[in-house]
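Residue-level structural notes
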Amino acid sequence: MHIEYKSCPDKGMPGSRNGGYDMLLLGNGTVVTRTKERGLIHDGAVVMDGGIICDIGPLPAMRQKYEQADYIDAHGGLIMPAFINAHEHIYSAMARGLAINGYAPRGFLDILDGLWWNIDRHLTNDLTWLSAVETYMECIKNGVTTIFDHHASYGEIKDSLFTIGDAARKMGVRSCLCYEISDRDGRDKAKEAVLENEAWIRYAQKDTTDMLAGMMGMHAQFTISDETMELAANHKPSGAGYHIHVAEGIEDLQDCLKKYGKRIVDRLYDWDVLGPHSLLGHCIYINPHEMDLLKYTDTMVVHNPESNMGNACGCPPTMELVHRGVLTGLGTDGYTHDMIESYKVANVLHKHHLCDANAAWTEVPQMLFENNPKIASRYFKRPLGVLREGAAADAIVVDYIPPTPLTADNVNSHILFGMNGRHVVTTIASGRVLMKDRELLVCDEQEMMDKIRTGAAELARRKIGR
């Protein structure tokens, strides 16, 4: 099969003239700045130039001051910082509605081997590119402009991260990428995965756009031998951390105790995997000692509530991690691309799990609106998740007219109970308009969806009978 997959012309939107960025004025809405100093600005505006926010204030003053700026009307909605997803899986994009012969999982390991590892063993770079474009389209539609992706495509490893990087540039979504190292398909492929990570990290570290970054990706400790741990350590460029699943299933912990006589976080500490640039997904089966170790090493954690529930893996001690001061963010694990949906599910999951109606009211919005930007700041230079002068020009317009008073103190409740990702109508990243009034401007959506469906059908054909 041959797919002309890299044809993705934009539509000549404002914010991309001659390869640069025009000055934009986004106004006529309530600006949610996410700063203590400004709070909300009713009938406000945000001015963007050169990929950064250069001014913010009342709309009449901004229009008079910046008459030359291209104007984008928010039509009375909310103007908010764009969302960050701290744990994505682009490779899962073509799984929706997929049926696999003989797939009847009885536990988490069956789900991994029967579904996800089965999919990634059949992904080649043409399908990876389409998966990336589909994911980025969904991100844009849900107001997400920054992702940390954890990729696997054992059907074709070499250049897979560069393939995703190409899609990231075309679609305009800021991306920190890594490849999932694992011994599950043999040592040769594990080594190839290590080298793909190394090559991408070195490339991304030279990028001057502040839109690309790289990490040393690992699947989970139970699929990584000491030999492969050492190989990854020897090839990890300075300044990069690790992105790894930790204790997602009880089987991971049992494996570590049986093989190494220690708990997972201890094994990772011994291999120098922990640290301020490393991101640990899930962390369901960890104990207080391991939490202390995460705090001591300033290691980041990301919670993925829907995925944990959907895989029946359990509920992590996320509230305790937040209370202990471990930098804990919110992700989707590819289960959804809607961060508001993830916010909603995390809110009710921890209330239900702890039998405490007061749980998660402050912790989950802290994870999404404060901690995700802090996580991103360890890999990207410009401030994200905030609308203020000098921050990255990443903003969204949400079609939401509140039926009750909206203030800086209750805006999170309005988001939680009144919105979802599809309320986003306009998405801007680094001053580039990716979607305006629900129309994607970075590609021909219908043309790309036709190619994606063709690719998904090809993936399904490759997998029949496994």
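Shown above is the structure to which this text applies.
I will try to describe carefully the structure that is included in this document. (Residues numbered from 1 in each chain as written. Predicted model: local features only at pLDDT ≥ 70, side-chain atom pairs only at ≥ 80, totals over all residues. Heavy atoms only, no water.)

1. Brief notes about helix 5 (residues 187-205)
With 19 residues, helix 5 extends 27 Å from end C-alpha to end C-alpha; this agrees with the ideal 27 Å at 1.5 Å per step. For helix 5, the full list of buried residues reads Ala 190, Ala 193, Val 194, Glu 196, Asn 197, Glu 198, Trp 200, Ile 201 and Ala 204. Where helix 5 is buried, its residues touch helix 4 (160-171), strand 8 (174-179), strand 9 (212-214), strand 10 (216-220) and helix 6 (226-235). (Helix = DSSP H or I, 4+ residues; strand = E, 2+ residues; numbered from the N terminus. Expected span 1.5 Å × (residues − 1). Buried < 20%, exposed > 50% of the residue type's maximum accessible area, 1.4 Å probe, protein only. Contact = heavy atoms within 4.5 Å.)

2. So, the nonpolar core
Among the nonpolar cores identified, the biggest contains 99 residues, and Phe 83, Tyr 136, Val 246, Leu 268, Leu 280, Ile 286 and Leu 294 are the most heavily contacted of them. Broken down by element, the residue count for this core peaks at nine residues, all from helix 3 (residues 125-141). Within the second largest apolar cluster, 21 residues are counted, among which are Val 46, Ile 56, Leu 387 and Val 397. (Core = buried A, V, L, I, M, F, W, Y, C linked by side-chain atoms within 4.5 Å.)

3. Quick word on the sheet that holds strand 14 (residues 328-330)
Taken together, five strands build an open sheet; the order of strands is 10-11-12-13-14 and the sheet is parallel. A strand with exactly one partner marks an edge of an open sheet, and here the two such strands are strand 10 and strand 14. Shown here is a sheet whose adjacent strand axes are inclined to one another by a mean of 25 degrees, direction ignored. Of the pairings in the sheet, the one linking strand 13 (residues 300-303) to strand 14 comprises three bridges and is parallel in character. (Pairing = 2+ DSSP bridges. Axes fitted to C-alpha atoms, helices over the stretch in contact; angles between N-to-C directions.)

4. Concerning the pattern of salt bridges
Counting across every chain of the model gives 23 salt bridges. One salt bridge in this structure joins Asp 183 and Arg 187, with 3.8 Å as the shortest N-O distance. Accessibility expressed as a relative area gives 17% for Asp 183, which makes it buried. When its relative accessible area of 45% is taken as the criterion, Arg 187 is described as partly exposed. (Salt bridge = Lys/Arg side-chain N within 4 Å of Asp/Glu carboxyl O.)

Any functional reading would require information beyond the geometric quantities listed.
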